[in-house]
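So you can see what is in the structure, the chains are spelled out below.
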Amino acid sequence: MDSTTPEALAGMRETASPATLPADTLKADILWHVLYSLGRDNERPDRQTVFRALALALRDRLVEKWIASQRAIYAKSSKRVYYLSLEFLPGPFLRQNLIALGLEKEARDALTELGFTLDDVAGEEWEPGLGNGGLGRLASCYLDSMAALRLPAYGYGIRYAFGIFHQLIRDGQQVERADNWLRGGQHWEFERTHYMHPVRFYGSVREWVDEQGRLRHTLEGGSTVMAMACDMFIPGYRNDYVLNMRLWAAKSSREFEFSFFNTGDYIGAVEKKIRDENISMVLYPNDEAPEGKELRLKQQFFLVSATMQDIVRRFRKKGVAWDQFPRKNVIHLNETHPAVAIPELMRLLVDEELLPWEEAWYICVRTFAYTNHTVLPEALEVWPEELFRKVLPRHLQIIYEINRRFLHDVRRQFPHDPGLLARVSLIHEGEQRFVRMSHLAIVGSFSVNGVSAHHSNIIKESIFNEFYKIFPERFNNKTNGITPRRWLRQCNPTLAWLITEHIGTEWLTDLEQLKKLEPYAESAGFQKAWMEVRLRNKQKLAEYIHAKNGITILPESLYDVHVKRFHEYKRQLLNILHVITLYNRIRRDPDAGIVPRTFIFGGKAAPGYYMAKHIIQLINAVGYTINTDPRVGDMLKVVFLQNYCVTLAERIMPATDLSEQISTAGMEASGTGNMKFALNGAITIGTHDGANIEMLEHVGDENLFLFGLLSHEVEDLRRQGYNPRTFYETDSELREVLDMISGGYFSPGDPHMFRDIVESLLNHGDRYMVLADFRSYAYRQQDAARAYLDQPGWARRSMLNTARMGFFSSDRSMGEYARDIWGVEGV
Ligand code: GPW
């Protein structure tokens, strides 16, 4: 019988019991979905159709396990963890889901029979770019680890119709294009079209006294938008456990407003619908610089209000008293973006459940935990009071009451420091008043954590020092981590295989097992195998670069890679100054014996961030000059890869020799790219910042190139009066580089093009201390080049980096959160 006839397919599905779909039905399931879910001829389906059908076939398996996992959580009455984040960056799902379900080989076989390869089919997936960078990606690594650890957890976020923009480089400049990731449908999720919560904005607060003489607050007027749940599944690694990430999409409250119809205003009705659904239309593309727009505040409350309704509904099912709420729930705030959850829970408890304020507050501060991800002053979120009052009038009142009581307590605890109250107040008072979201989050949470040891110390010693004195027991550190399933097993299958051949598979769920590789570091045979795998990865990246950028690079050259969001504090500018320095050395002496290098850059700049975009343009201009200069040849290449995203990171990490982690000391909270590179055997060149410092402690200083000022030296220098010009005047190589940029060497058509970059360094204070660190960076780069010439030595360093990255698994991070903050265990 022909296996593609509807009868044959239906028969095959009947014989497969739903609870245990065996793997060998995968091909039949794909063809079944091609016909019945996608409505296509299943005789010769195209690649995109096969991808969609395979996704549906896997979703069938995921949903079964998800139901079973949810039942287990309910049956155990476990305390639940709610991880609230305005951003998630899951990356493509196909390979991850296959690996977690143990279906990779079956999928390959099924696809081969259908005339496709897994690589081709996986290439059809468009990743959901529902985050900007590190913060969103961390949330997704954490969900993966929560599932691996079988934690009773839920991720909550927003299903933006448009994720982070797609970046093109045109004429050397960034151009943004809309990311229409939902075009063609979404096959991993379930849209719960009948599962909606109302979310209310605006209106005014009416105060009244009820029959018992209580003062009551009721919101009147305003407008209501519906939040529709969309669930995506996150499977644990081969453990039959599946969590969900619930993303809310905005839907108009009524399909059409009847009042408009009554007045015959049909178009007015449609316009209201469109306005409402705008709430979840687009992710704000600003990283570490809040936009302060009304729509963004509405997005935050939209997530919070819908999620709180879900949490309360689940809690109510159990019929226990409200004072048990913190024993049964913990709500984790990923940065302050969802911190309006604190006044929202107070509103639910006080206005709706009629609990006394003190009791409600007692519940609140035992329920919330807050992670801070930045100390950059411009990144700390504040909202103009007027805007807050307009959008969330009752919440502003509640914040004022929280603040009144908090300041009262502070005054009693520190009676002799009158200035203190203004500094810790939840409200910044000045010409204009602002709500300080970080202060709200600290006061309303039982735990406040930083994301690396260094960052957590800075929080305690400087930016939140006064809160640390008030609530010392709340402050703690949880160093970030990354999931080894995506960032080694999936993205670097050949290296993963080499490792597994020698130490078995345990490292996949216990990354400290990589330590067992250390004895092989001296083995010539293993070194050779290691370097062969790495070279093949580098060849593949060279092919990709050739296809995308038309640039030919030497796979044997040193791949020196700087990929992350563009931000002045991340100092891509310092890197390109060094590139130009090498270029000048080659121009002066073509036989200088410089190690052939390929510099690879990637990353997006916020569309309104002028300087970041300008630096992208400079890198591309320098690249053009160098790549077309015949004197340079293969000695130096500069490549800018457009649209850096999770998918592209998966190509780059396995092929990198030198990882650039060169932020101004004290400014990068942790970094997580640093960990991904090192796990794949890259060596780091970096500053004493964020998690670099802990990486150094683990890999040893002979295996990581550290340079530059320390955090306290940056501060001291700034306090003493930093004069960047002295570096310009005393360092002739540096001077030559800056003069070339400002003199139009890289922009012959427009000699002034990059002048303001040099201005920012020489005449506007060089806020990120690029010039102060230049010389020590250049020296350390020379050390790196020398080390690369000794290939066995490099192989040893590379392996030891991988072998010693165990600590940086997100399983370790999540284990610490679960034990020390949340008080939960695996189901
Ligand atoms: F400013 N991070 C980020 F703290 O990617 F909100 N986007 C952001 O908007 C912020 C932080 C915010 C990053 C940090 O820069 C990085 O150092 C850290 O590793 C990452 O968050 C995850 O903790």
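Residues numbered from 1 in each chain as written. Predicted model: local features only at pLDDT ≥ 70, side-chain atom pairs only at ≥ 80, totals over all residues.

Participant: What is the right way to look at the domain arrangement of the protein chain in this model?
Facilitator: A common way to state how big an interface is: give the accessible area lost once the parts meet. Each assigned domain of the protein chain is listed here: domain 1 (77–92 + 127–478) and domain 2 (484–813). Domain 1 and domain 2 are separated by 35 Å when their C-alpha centres are compared. Every element with two or more residues in the side of domain 1 that touches domain 2 is listed here: helix 7 (134–148), strand 3 (166–170), strand 4 (173–177) and helix 18 (453–463). The element best represented in the side of domain 1 that touches domain 2 is helix 7, accounting for eight residues. Here the residues of the side of domain 1 that touches domain 2 are counted per class, giving 18 nonpolar, 18 polar and seven charged. (Domains from an automatic or database assignment. Helix = DSSP H or I, 4+ residues; strand = E, 2+ residues; numbered from the N terminus. Nonpolar A, V, L, I, M, F, W, Y, C, P; charged D, E, K, R; others polar.)

Participant: Please explain the site of the ligand as it appears in this structure.
Facilitator: Looking at the ligand, there are 19 residues lining it, with Gly134, Leu135, His373, Thr374 and Ser670 nearest. Summarising the domain contributions, the shell around the ligand has at least three residues from each of domain 1 (77–92 + 127–478) and domain 2 (484–813). (Near = placed C-beta within 6 Å.)

Participant: Please explain the UniProt feature "modified residue: N6-(pyridoxal phosphate)lysine" (unreviewed entry) in the protein chain as it appears in this structure.
Facilitator: The residues that UniProt annotates with the feature "modified residue: N6-(pyridoxal phosphate)lysine" (unreviewed entry) are Lys676. By secondary structure assignment, the location of lysine 676 is in helix 26 (residues 673–679). When the 29 C-beta atoms within 10 Å are taken as the criterion, lysine 676 is described as buried. The contacts of lysine 676, once residues within four sequence positions are left out, are Ile482, Trp487, Ala649 and Met653. (UniProt positions renumbered as here; feature names shortened; annotations may be inferred. Buried ≥ 20, exposed ≤ 12 C-beta atoms within 10 Å, placed from the backbone. Contact = placed C-beta atoms within 7 Å.)

Participant: Looking at this structure, how should I read the packing of helix 2 (residues 26–36) against helix 5 (residues 104–113)?
Facilitator: The N-to-C vectors of helix 2 and helix 5 enclose an angle of 60°; their axes lie 9 Å apart at closest approach. In this view, helix 2 runs oblique relative to helix 5, as classed from their interaxial angle. Here helix 2 and helix 5 pass one another in a crossing that is right-handed. From helix 2, Leu26, Lys27 and Ile30 reach across to helix 5, where they touch Glu106, Ala107, Ala110 and Glu113. Tallied by class, residues from the contact of helix 2 with helix 5 come to four nonpolar, no polar and three charged. (Axes fitted to C-alpha atoms, helices over the stretch in contact; angles between N-to-C directions. Parallel < 35°, antiparallel > 145°, perpendicular 65-115°, else oblique. Left-handed = near helix turned anticlockwise from the far one by under 90°.)

Participant: How do you make sense of unusual backbone geometry when you look at a structure like this?
Facilitator: A negative phi angle is the norm for most residues apart from glycine, just as the trans form is the norm for most peptide bonds. At arginine 571, a position not held by glycine, the phi torsion is positive, near 60°. Among the secondary structure elements, arginine 571 is positioned in the loop between strand 17 (558–563) and helix 23 (572–588). In this structure, aspartate 766 is a non-glycine residue whose phi angle is positive, near 45°. Along the polypeptide, aspartate 766 turns up in the loop between helix 31 (755–762) and helix 32 (770–789). Assessed through the 21 C-beta atoms surrounding it within 10 Å, aspartate 766 is described here as buried.

Participant: What am I meant to see in helix 7 here?
Facilitator: Think of an α-helix as turning once every 3.6 residues; residues three or four places apart then point the same way. For helix 7, with 15 residues, the first-to-last C-alpha span of 21 Å sits near the 21 Å given by 1.5 Å per residue. Most of helix 7 is tucked away: 15 of the 15 residues are buried. A positive phi of about 55° marks arginine 150, the residue just after helix 7. (Expected span 1.5 Å × (residues − 1).)

Participant: Can you walk me through the pairing of strand 1 (residues 80–84) in this structure?
Facilitator: Remember that side chains alternate between the two faces of the sheet whenever the strand is regular. Buried residues dominate strand 1, accounting for five of its five residues. The alternating pattern of strand 1 places Arg80, Tyr82 and Leu84 on one face and Val81 and Tyr83 on the opposite face, and all of these are buried. For strand 1 and strand 10 (residues 329–334), the ladder comprises five bridges, and the chain directions are parallel. Residue arginine 80 lies in a different strand from strand 10, and its bridge partner there is asparagine 329. Summarising the sheet, strand 1 and strand 2 (residues 153–158) pair through four bridges and their orientation is parallel. Along strand 2, the bridge assignment pairs tyrosine 83 with glycine 155. (Pairing = 2+ DSSP bridges.)

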